[in-house]
Amino acid sequence: MTRFWYVIDNIESYICRTLLAIFVCLLFLQVIVRTLFDFSFSWVEELSIYMFVWFVFFGASYAAKKGAHNRVTFQFKFLPPGAIKYIEAFADLFWVFFNVYFVYLSIDFIFNKMNRFQSSQTMGFHLSWVYIVLPIAFSLMTFRVLQVNYKKIILGEDLRDPDAIDLEEVRAGTTKPEQEKT
């Protein structure tokens, strides 16, 4: 059962890896076919675009899970370290409210306001299959934002931004505390 929860906890990573591998292979195939046979598949570019859009939204959810999303942090230099996680959590509440509202709007659009006959240009399927990524990814992103704040505030875990970790520390296999960095 732990394997199941591990996969669920890393679902965005698996989805992003799969989408990236498939659309890169499809685009590579398209380049080879165009170059060697002077022919192209009309559906490859369209499918690659849709897969890239899905990749972006699930990647945003993955970034939220890792705490690696863009954030203005200059003002935190003037605050005590203990207050920063609570201020970030308060700011994340606005993000959660936006996500919940966006999920509502996207579901309303997909199921109520979208043209019933709007379909993909070359592949022919209904575009609601493309737009369904919006409520799924934003719901998952909301869950991840709440999960990160739970880990920071309730469990007291130090979730550092992956970009903040020095490459030399990773190569050495150890990470130094933030105070020792120069």
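Now for a quick tour of the structure.

Analysis parameters
Residues numbered from 1 in each chain as written. Predicted model: local features only at pLDDT ≥ 70, side-chain atom pairs only at ≥ 80, totals over all residues. Heavy atoms only, no water. Phe/Tyr/Trp six-rings, centres within 6.5 Å; stacked < 30°, edge-to-face > 60°. Helix = DSSP H or I, 4+ residues; strand = E, 2+ residues; numbered from the N terminus. Salt bridge = Lys/Arg side-chain N within 4 Å of Asp/Glu carboxyl O. Buried < 20%, exposed > 50% of the residue type's maximum accessible area, 1.4 Å probe, protein only.

Quick look at the packing of aromatic side chains now. For any pair of aromatic rings, the description rests on two quantities: the centre-to-centre distance and the angle between the ring planes. The full count for this structure, using the stated rule, is 15 aromatic pairs. Look at Phe 90 and Phe 94: their rings are 5.4 Å apart centre to centre, the planes differ by 90°, and that puts the pair in the edge-to-face class. With a gap of four residues between them, Phe 90 and Phe 94 both fall in helix α4 (residues 81-113), about one helical turn apart.

Another aspect to go through is the pattern of salt bridges. One pass over the full model with this rule turns up six salt bridges. In this structure, Glu 12 engages Arg 144 in a salt bridge whose closest nitrogen and oxygen atoms are separated by 2.6 Å. Here Arg 144 lies in helix α6 (residues 133-154) and Glu 12 lies in helix α2 (residues 11-37), a separation of 132 residues in the sequence. In this structure Glu 12 comes out as buried when scored by relative accessible area, which is 0%. Close ionic contact of Glu 45 with Arg 34 constitutes a salt bridge, the shortest N to O distance being 2.2 Å. Taken as a pair, Glu 45 in helix α3 (residues 42-66) and Arg 34 in helix α2 lie far apart in primary sequence, 11 residues in all. By relative accessible area, Arg 34 is classed as partly exposed at 42%. Here the salt bridges do not stand alone but share partners, grouping Asp 9, Glu 12, Lys 65 and Arg 144 into one network.

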